[in-house]
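Given next are the chains, with one letter for each unit.
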Amino acid sequence: MTWTVAPEPYDSPVAAALWRAYYTEVSDRWYQLHEGRPTDPGELEREIAAHSGADLVPPRGRLLVARYGGEPAGTSGVRLLDDTTAELTRVFLYDGLRGRGGAALLVAAAEDVARSLGAGRIVLDTRGDLVEARALYARLGYTETEAYKEDPYAEHWFVKELRREG
């Protein structure tokens, strides 16, 4: 089986299914940790609708979808925060496909998109309980930095300088 990564419209059925899976997982992890319960279904629907991904479109962003053996497997997104800084978001793989190199491919593809948008650096935020994500970013050359935005769920912020390819 092989991996492919390609742009995908944020509102395609594939992107919507992956966003729902991503958001359900990170939301349920937070609520289980902090309140001992899964996400309330109504809240899940409101948050999914409120964060559609409409900012992950050209010319200032892009959503990428990874496929494993041709089947949708995960996502990453990039959006410009300013003319030189891009933000990495929505890095996700279905649980059964983790550990096969797909996350590193998604991040590398997102970095390529950020470069193509003119960014010289890329930033991201994540939570403390998402230890797998923090380990991935550190392994891929991201370093912890100060907060670049306020978000009630962000506890760790990372940055990576992007070198021009070629």
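In what follows, the accompanying structure is described. Bear in mind the structure is a predicted one, so any value in this text is a computation, not a measurement. (Residues numbered from 1 in each chain as written. Predicted model: local features only at pLDDT ≥ 70, side-chain atom pairs only at ≥ 80, totals over all residues. Heavy atoms only, no water.)

### Some remarks on the overall build of the chain
The line we're drawing: Elements are defined by DSSP. Helices are runs of H or I of four residues or more, strands are runs of E of two residues or more, and each kind is numbered from the N terminus. Each radius of gyration reported is based on C-alpha atoms, and the globular scaling rule is 2.2 Å times the count of residues to the power 0.38. In this scheme, a residue with accessible area under 20% of its type's maximum is buried, one over 50% is exposed, and one in between is partly exposed, where area comes from a 1.4 Å probe on protein chains only. In this analysis, two residues are considered to be in contact whenever any of their non-hydrogen atoms come within 4.5 Å of each other. Computed by Shrake-Rupley with a 1.4 Å probe, the accessible areas treat only the displayed protein chains as cover when residues are assessed.
Counting its secondary structure elements, the chain contains 4 helices and 7 strands. In summary, the chain has a C-alpha radius of gyration of 15 Å against a globular reference of 15 Å for 166 residues, a match within 12%. Seen through its C-alpha atoms, the chain measures out along the principal axes to roughly 50 × 40 × 30 Å. By residue count, 45% of the 166 residues in the chain fall in the buried class. Taking the contacts inside the chain whose residues are at least 6 apart along the sequence as the reference set, 63% of them involve residues at least 24 apart. When the accessible area of the chain is evaluated, it comes to approximately 8700 Å², of which 53% is carbon and sulfur surface.

### Examining the sheet that holds strand E4 (residues 85-93)
Stated precisely, the cut-off is as follows: Pairs of strands are assigned from DSSP output, requiring at least two bridges between the strands. Axes here mean lines fitted to C-alpha atoms, for a helix over just the part in contact, with angles spanning 0 to 180 degrees between N-to-C directions.
Taken in spatial order, the 7 strands of this open sheet run E1-E2-E3-E4-E5-E7-E6, and their pairing is mixed. The open sheet has two free edges, formed respectively by strand E1 (3-7) and strand E6 (143-145), since each of these has just one partner strand. Geometrically, the sheet is characterised by an average inter-axis angle of 30° between neighbouring strands, direction not taken into account. Note that E6 and strand E7 (residues 156-161) share 3 bridges and pair antiparallel. Bridge pairing in E7 links Thr 145 to Trp 157. Lying over the sheet, helix H3 (residues 102-116) contacts E1, strand E2 (61-68), strand E3 (71-80), E4, strand E5 (121-126) and E7, oriented at roughly 155° with respect to E4.

### Considering the pattern of salt bridges
Quick reminder of the rule: One side-chain nitrogen of Lys or Arg within 4 Å of one carboxyl oxygen of Asp or Glu is enough to make a salt bridge.
Applying the stated criterion to the full structure yields 15 salt bridges. The salt bridge involving Glu 87 is made with Arg 79; its shortest N-O contact spans 2.8 Å. Here Glu 87 and Arg 79 have matching classes, each one buried. With its nearest N and O atoms 3.2 Å apart, the salt bridge here joins Asp 125 to Lys 149. Of this pair, Asp 125 sits in strand E5 while Lys 149 sits in the loop between E6 and E7; the two residues are 24 residues apart in sequence, bridging distant segments of the chain. Classification of Asp 125 by relative accessible area gives partly exposed; the value is 22%. When its relative accessible area of 29% is taken as the criterion, Lys 149 is described as partly exposed.

### Some thoughts on the side chain of Arg 79
To keep things clear, this is the line we draw: Under this definition, polar contacts are N or O atom pairs within 3.5 Å; protein pairs additionally need one hydrogen-donor-capable and one acceptor-capable atom, and for neighbouring residues in sequence, both atoms have to be side-chain atoms.
Inspection of the secondary structure puts Arg 79 in strand E3. Take Arg 79: its relative accessible area is 19%, and that puts it in the buried class. Within the local environment of Arg 79, its side chain forms a polar contact with the side chain of Asp 55, the two groups lying 2.7 Å apart. Excluding anything up to four places from it in sequence, Arg 79 contacts Asp 55, Leu 56, Arg 60, Gly 61, Thr 85, Ala 86, Glu 87 and Thr 89.

### Digging into the packing of helix H1 (residues 13-35) against helix H2 (residues 41-50)
For any two helices packed against each other, one specifies the crossing angle of their axes together with the interaxial distance. Here is the rule we go by: Geometric relationships in this document are graded by angle, where less than 35 degrees denotes roughly parallel, more than 145 denotes roughly antiparallel, 65 to 115 denotes roughly perpendicular, and other angles denote oblique. Note on convention: the crossing is left-handed when the near helix lies turned anticlockwise from the far helix by less than a right angle, right-handed when the turn is clockwise.
Viewed as axis vectors pointing N to C, H1 and H2 meet at an angle of 130°, and their least axial separation amounts to 11 Å. Between H1 and H2, the interaxial angle falls into the category oblique. With respect to the hand of their crossing, H1 and H2 are arranged in right-handed fashion. Each of Trp 19, Arg 20, Tyr 23, Thr 24 and Tyr 31 in H1 lies in contact with H2, whose residues at this interface are Glu 43, Leu 44, Glu 45, Glu 47 and Ile 48.

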